[in-house]
Amino acid sequence: MKNGLKSNIYAKGFTLVEIAVVLVIVGLLVGSFIGTFAERIETTRRDNTVNELDEIKQVLMAYGYTNSPVYLPCPDTDAPPDGIQNRDAGGNCTAGTAVGTLPWVSLGMAHSDAWNNRYSYWVNPEYARDSGFDLTTGDANSAQINTRINNLAVAIAPNAVAVVFSRGKNGLGGVSIDGVNRDAIPAPGNGHDDEIENADGNSVFMYRFKTEEGVAAAGGAFDDILMWINSYELKAKMVEAGVLP
């Protein structure tokens, strides 16, 4: 009887191999859950940033039609940024045609993206001069927005007068909410050429699909999120608001 009872106890136990198999399966399930959860978090952050950029767009245009004459705010060019736009004594943006930081204090709104980095901001100086713009103001200094089609850079908006963008999850070239400079964007030819395009001050910006680090793609890794206002849209909004004839 004792030997039979002992045999039954052993029969109900698990072998080391069986335990190892169970642990592997549990590990795979947990790993899959964590991976999916992390992807959902990043998707939510990107969605929230896109929504906030749309709000910023509306606030920028509202800023325009609450001024008389009408004009857009200048970038914040202080280091570290303080959220206040910078103009010279003549009423011109001190940034010129360079990319600065969104002047969140001057606009009275959100100060950072979902990854706690300041939004970058570029504006056509002709539309931000405090002497104002009108329906005859041209597009000579406007930005061009490109995308990639079959790996070729193709213009989709040649007359952007304001561009606001998040540096995305990698934050390369950005500034944190604590005023700390993030890692610089790698030099051209080192896998981030399209992100360089958004920061080099040549008034050409890239708007395209997200590409992870290490994935082969024309223009390299990219996770910037852009919003822009073109001159026709801005002027139409000013006419609609009754501040331009």
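Concerning unusual backbone geometry
Excluding glycine, residues mostly have negative phi values, and the peptide bonds linking residues are mostly trans.
Then step 1. In this chain, Ser68 is followed by Pro69 through a cis amide linkage whose omega measures 0°.
Then step 2. Within the secondary structure, Pro69 sits in the loop between α2 (16-65) and β1 (100-101).
Then step 3. Of the consecutive residues Ala79 and Pro80, the connecting peptide bond is found in the cis state with omega at 0°.
Then step 4. Residue placement: Pro80 occurs in the loop between α2 and β1.
Then step 5. Positive phi, normally seen in glycine, also occurs at Asn116, with a value near 65°.
Then step 6. Residue placement: Asn116 occurs in the loop between α3 (104-107) and β2 (120-123).

Some details on the layout of surface pockets
Then step 1. Counted as a void, the largest pocket has a volume near 230 Å³.
Then step 2. Put simply, the second largest pocket is a space of about 170 Å³.
Then step 3. Residue composition of the lining of the second largest pocket, by class: 3 nonpolar, 7 polar and 3 charged.

Regarding the packing of aromatic side chains
Then step 1. Counted according to the given criterion, the structure contains 5 aromatic pairs.
Then step 2. Ring-pair connections join several aromatic residues into one group, and the members of that group are Trp122, Phe165 and Phe205.
Then step 3. Stacked on the ring of Trp104, the Lys or Arg Arg118 has its end atom at 3.8 Å from the ring centre.
Then step 4. Seen from the ring of Phe209, Arg208 lies directly overhead, with NZ or CZ sitting 4.7 Å from the centre.

Let's talk about the environment of Gln58
Then step 1. Positionally, Gln58 belongs in helix α2.
Then step 2. Placed 26 residues apart in sequence, Gln58 and Ile84 show a C-alpha to C-alpha distance of 18 Å.

Considering the side chain of Asn117
Then step 1. With respect to the helices and strands, the residue Asn117 is situated in the loop between α3 and β2.
Then step 2. Given a relative accessible area of 2%, Asn117 falls into the buried group.
Then step 3. Asn117 has contacts with His111, Ser112, Gly168, Gly171, Val175, Ser176, Ile177 and Arg182, leaving out every residue within four places of it along the chain.

A few points about the pairing of β2
The side chains of a regular strand alternate between both faces of the sheet.
Then step 1. Going residue by residue along β2, you find Ser120 and Trp122 tucked away on one face and Tyr121 and Val123 tucked away on the opposite face as well.
Then step 2. Pairing of β1 with β2 involves 2 bridges; the strand directions are antiparallel. Pairing of Thr101 across the sheet is with Ser120, part of β2.
Then step 3. Bridge analysis of β2 against strand β4 (residues 152-166) gives 4 bridges, and the strand direction is antiparallel. Within β4, the position partnered with Tyr121 by the bridge is Val164.

Let's talk about the state of the cysteines
Then step 1. As enumerated under the stated definition, the model contains 1 disulfide in all.
Then step 2. The disulfide partner of Cys74 is Cys93, and the gap between their sulfur atoms is 2.0 Å. Across the disulfide from Cys74 to Cys93, rotation about the S-S bond amounts to roughly -85°, and the bridge is consequently left-handed. Taken together, the positions of Cys74 in the loop between α2 and β1 and Cys93 in the loop between α2 and β1 put the pair 19 residues apart, joining distant regions of the chain. This pair shows no difference in class: Cys74 is buried, exactly as Cys93 is.

A word on the pattern of salt bridges
Then step 1. As enumerated under the stated definition, the model contains 6 salt bridges in all.
Then step 2. A salt bridge links Glu42 to Arg45; the shortest N-O distance between them is 2.9 Å. One end of the pair, Glu42, and the other, Arg45, are both in helix α2, 3 residues apart, so they sit about a helical turn from each other.
Then step 3. A residue is classified by how much of its surface remains accessible, and Arg45, at 34% relative accessible area, is partly exposed.
Then step 4. We note a salt bridge from Arg129 to Glu126, for which the minimum N-O separation is 3.0 Å.
Then step 5. In this structure Glu126 comes out as partly exposed when scored by relative accessible area, which is 28%.

Criteria and cut-off values
Residues numbered from 1 in each chain as written. Predicted model: local features only at pLDDT ≥ 70, side-chain atom pairs only at ≥ 80, totals over all residues. Heavy atoms only, no water. Helix = DSSP H or I, 4+ residues; strand = E, 2+ residues; numbered from the N terminus. 1 Å grid on protein atoms, 1.4 Å probe; cavity = no way out; pocket = protein on both sides within 12 Å on 5 of 7 lines; lining within 4 Å. Points joined across faces, edges and corners; volume = space filled by probe spheres on them. Nonpolar A, V, L, I, M, F, W, Y, C, P; charged D, E, K, R; others polar. Phe/Tyr/Trp six-rings, centres within 6.5 Å; stacked < 30°, edge-to-face > 60°. Lys NZ or Arg CZ within 6 Å of the ring centre and 35° of its normal. Buried < 20%, exposed > 50% of the residue type's maximum accessible area, 1.4 Å probe, protein only. Contact = heavy atoms within 4.5 Å. Pairing = 2+ DSSP bridges. Disulfide = S-S within 2.5 Å. Salt bridge = Lys/Arg side-chain N within 4 Å of Asp/Glu carboxyl O.

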